[in-house]
Amino acid sequence: MLKNIHIKGILIWLVIIPFVWSHPFHVSITTFQLNRKSHTIEITMKLFTEDLENVIESKRLPPIKLGSKREYIKTDSLIFDYLSEHLIVSLDNKQVAFQWVGKEIENDITWCYLEIKNMDDFWTANILNTIFIPNFTDQLNISHFQKDGQIQTVMNHKTEVFKKIQFQKKDK
């Protein structure tokens, strides 16, 4: 009898634990890559799918069911609206607009692809990144900005949502 109670207790914990602690940390990674040939900045974002679904659904919107056969038809526009609201970039003190390219779901990760068009040269980048920060106090947003062989990395979190990057001018 005691053995059955013990086994039931273990089984309950094995079922409950994954739902209580879905993942132990909250991190997003965004890469900005200047493409001189196409005059664009290609943006790749790595986000936890569950976190993305939760923030969108917390706005009293329908469940988006990322990556499923029943994915909500307006999911891409909802994600783009959320990202546009929580990621703001200025280059040489001029705010730039993103274009939605698409997304891919890979296990528990959602890859989002954005683009900034008509890019020429710039020397500073201001990044305001509050993705998931209102929802998770431990959220860390890491941004890598690649330009002409230079890589600058900044980290945004609840006490520092704004970061500035200065690129070195190269002699020609």
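Use the structure listed above.
The present account deals with the structure reproduced in this document. A quick note: this is a predicted structure, and the numbers were derived from the prediction, not measured. Residues take numbers from 1 onward in each chain, read along the sequence in its written order. Residue-level local features of this predicted model are given only where pLDDT is at least 70; pairs of side-chain atoms are given and counted only at 80 or more, and the full residue set underlies all totals for whole chains, interfaces and linings. Each side-chain value is worked out from all heavy atoms of the structure, with water and hydrogens disregarded.

A few points about the pairing of strand 1 (residues 27-35)
Here comes step 1: Think of it in three bands: residues with accessible area under 20% of the maximum for their type are buried, residues over 50% are exposed, and the middle band is partly exposed, with areas taken using a 1.4 Å probe on protein chains only. Under the scheme used here, helices are H or I runs from DSSP no shorter than 4 residues and strands are E runs no shorter than 2 residues, and both carry numbers assigned from the N terminus. Side chains Ser28, Thr30, Phe32 and Leu34 project from strand 1 onto a buried face, and the interleaved Val27, Ile29, Thr31, Gln33 and Asn35 project onto a face without burial.
Here comes step 2: Judged from the seven bridges that link them, strand 1 and strand 8 (residues 140-147) form a sheet pairing that is parallel. Directly across from Val27, in strand 8, lies its bridge partner Leu140.
Here comes step 3: By this definition, two strands are paired if DSSP reports at least two bridges between them. The sheet contact formed by strand 1 and strand 2 (residues 40-48) spans seven bridges and is antiparallel. Bridged to Asn35 within strand 2 is Thr40.
Here comes step 4: Hairpin connection between strand 1 and strand 2: a loop of four residues separates the two successive antiparallel strands, and His39 in this loop has a positive phi of roughly 55°.

Describing the sheet that holds strand 1
Here comes step 1: Read from one edge of the open sheet, six strands run 5-6-2-1-8-9, paired in mixed fashion. The sheet is open, and its two edges are formed by strand 5 (99-106) and strand 9 (150-156), each paired on a single side. Averaged over all neighbouring strand pairs, the angle between strand axes comes to 15°, with direction disregarded.
Here comes step 2: Pairing of strand 5 with strand 6 (residues 109-116) involves seven bridges; the strand directions are antiparallel. As a rule, the C-alpha atoms of each element are fitted with a line to give its axis, helices using only the stretch in contact, and angles between N-to-C directions run from 0 to 180 degrees.

A word on the environment of Leu34
Here comes step 1: Relative to the helices and strands, Leu34 resides in strand 1.
Here comes step 2: Given a relative accessible area of 8%, Leu34 falls into the buried group.
Here comes step 3: Residues Leu34 and Asp120 lie 86 residues apart in sequence; the distance between their C-alpha atoms is 9.3 Å.
Here comes step 4: Should any heavy atoms of two residues lie within 4.5 Å, those residues are considered in contact. In this structure, Leu34 is in contact with Thr40, Ile41, Met119, Phe122, Gln146, Lys147 and Asp148, ignoring residues within four places of it in sequence.

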